Amino acid sequence: MTTNTPTTPHNGFNARLLHITAFAEQGATLQGTQPLQDFPRLREECAAEAGSTTVQWQAQGRTVAETGSSPQIWLDLHISTTLPMQCQRCLQAIVQPMHIERSFRFVRDEATALQLDEEIEEDVLVYSKQFDLLSLIEDELLMDLPISPKHDTCPQAPTMHAQSSDFTEESSSQPHPFAALQILKKKAD
């Protein structure tokens, strides 16, 4: 199922208000294609030509049996997109492909999440009955953005001068600003 509207429920689940425990217990799947405009913080990091950029995502809930306790709640997330950015070398447009696959273990409270975060390498989140899956997708994309996107080989050689078109070079016939000071110093000697 593909959704262009994050608030449209599928199989009783809504990506903006996801009951993560029920989602995992049913082994449910949600997927969608969202316009970049649905992710305002991510949109700010992209070039102006973002136009029809979309983010494709799929979320799968699952449980993992745990001896002597209730099953662990898990969410497997797959995200794919290409983001328009600016090359930091040549300042031209660059298309940055993004592919993310992550699994998250959900726990009941913040204290447990903090404890497990130090003990295990898994990503741990606190579950809620109104979990915003699209915010998690946006967070994951933001964390995976390159700090300084660059072409492997720039289409144009980077401009290597620092002068702007309105810069006028100082005439060499003008005296050096400290020349008058030098004259006064010589007169004092």
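Residues numbered from 1 in each chain as written. Predicted model: local features only at pLDDT ≥ 70, side-chain atom pairs only at ≥ 80, totals over all residues. Heavy atoms only, no water.

A. Main features of helix α4 (residues 133-144). Taking 1.5 Å of rise per residue, the 12 residues of α4 would be expected to cover 16 Å, and the 17 Å separating its terminal C-alpha atoms lies within 8% of that figure. Where α4 is concerned, the buried positions are L133, L134, L136, I137, E138, E140 and L141. Contacts from the buried residues of α4 go to β1 (29-35), α2 (40-44), β2 (54-66), β3 (69-86), β4 (93-107) and β5 (123-126). The N-cap of α4, judged by a side-chain oxygen 3.2 Å from the amide nitrogen of L134 a few residues on, is D132. (Helix = DSSP H or I, 4+ residues; strand = E, 2+ residues; numbered from the N terminus. Expected span 1.5 Å × (residues − 1). Buried < 20%, exposed > 50% of the residue type's maximum accessible area, 1.4 Å probe, protein only. Contact = heavy atoms within 4.5 Å. Polar contact = N/O pair within 3.5 Å; in protein donor to acceptor, adjacent residues only side chain to side chain.)

B. A look at the side chain of H151. As for its placement among the helices and strands, H151 is situated in the loop between α4 and α5 (179-188). For H151, a relative accessible area of 15% corresponds to the buried category. There is a polar contact of 3.0 Å between the side chain of H151 and the backbone oxygen of A93. Those residues in contact with H151 that lie beyond four places of it in its chain are C87, R89, C90, Q92, A93 and I94.

C. How the structure looks around the packing of aromatic side chains. Inspection of every chain in the model, using the stated rule, returns two aromatic pairs. A centroid spacing of 5.1 Å and a plane angle of 85 degrees characterise the contact between F13 and F23, whose relative ring orientation is edge-to-face. Within this pair, whereas F13 is found in the segment before α1 (20-25), its partner F23 is found in helix α1, the two being separated by 10 residues in sequence. F13 sits in the buried class, given a relative accessible area of 5%. On the accessibility criterion, F23 (0% relative accessible area) is buried. Between F106 and F131, the aromatic rings sit 5.2 Å apart at their centres with planes inclined by 90 degrees, giving edge-to-face as the arrangement. One end of the pair, F106, is in strand β4; the other, F131, is in the loop between β5 and α4, and 25 residues separate them in sequence. The class for F106 is buried, based on a relative accessible area of 4%. (Phe/Tyr/Trp six-rings, centres within 6.5 Å; stacked < 30°, edge-to-face > 60°.)

D. Examining the nonpolar core more closely. Judged by nonpolar contacts, the single largest core of 36 residues is most densely connected at F23, L133 and I137. Those elements that provide at least two residues to this core are α1, β2, β3, β4 and α4. Ranked by residues supplied to this core, first place goes to β3 with six residues. L133 has contacts with A15, L18, L30, W57, A59, L75 and L77, leaving out every residue within four places of it along the chain. (Core = buried A, V, L, I, M, F, W, Y, C linked by side-chain atoms within 4.5 Å.)

E. Region of the structure containing the sheet that holds β4. Taken in spatial order, the five strands line up as β1-β2-β3-β4-β5 in an open sheet, and their pairing is mixed. The sheet is open, and its two borders are formed by β1 and β5, each paired with just one other strand. Along the sheet, successive strands turn relative to each other by an average axial angle of 30 degrees, direction set aside. In terms of strand pairing, β1 meets β2 through seven bridges, oriented antiparallel. Opposite G32, over in β2, you have W57 as the bridge partner. (Pairing = 2+ DSSP bridges. Axes fitted to C-alpha atoms, helices over the stretch in contact; angles between N-to-C directions.)

None of the figures reported here should be taken as evidence of function without further support.
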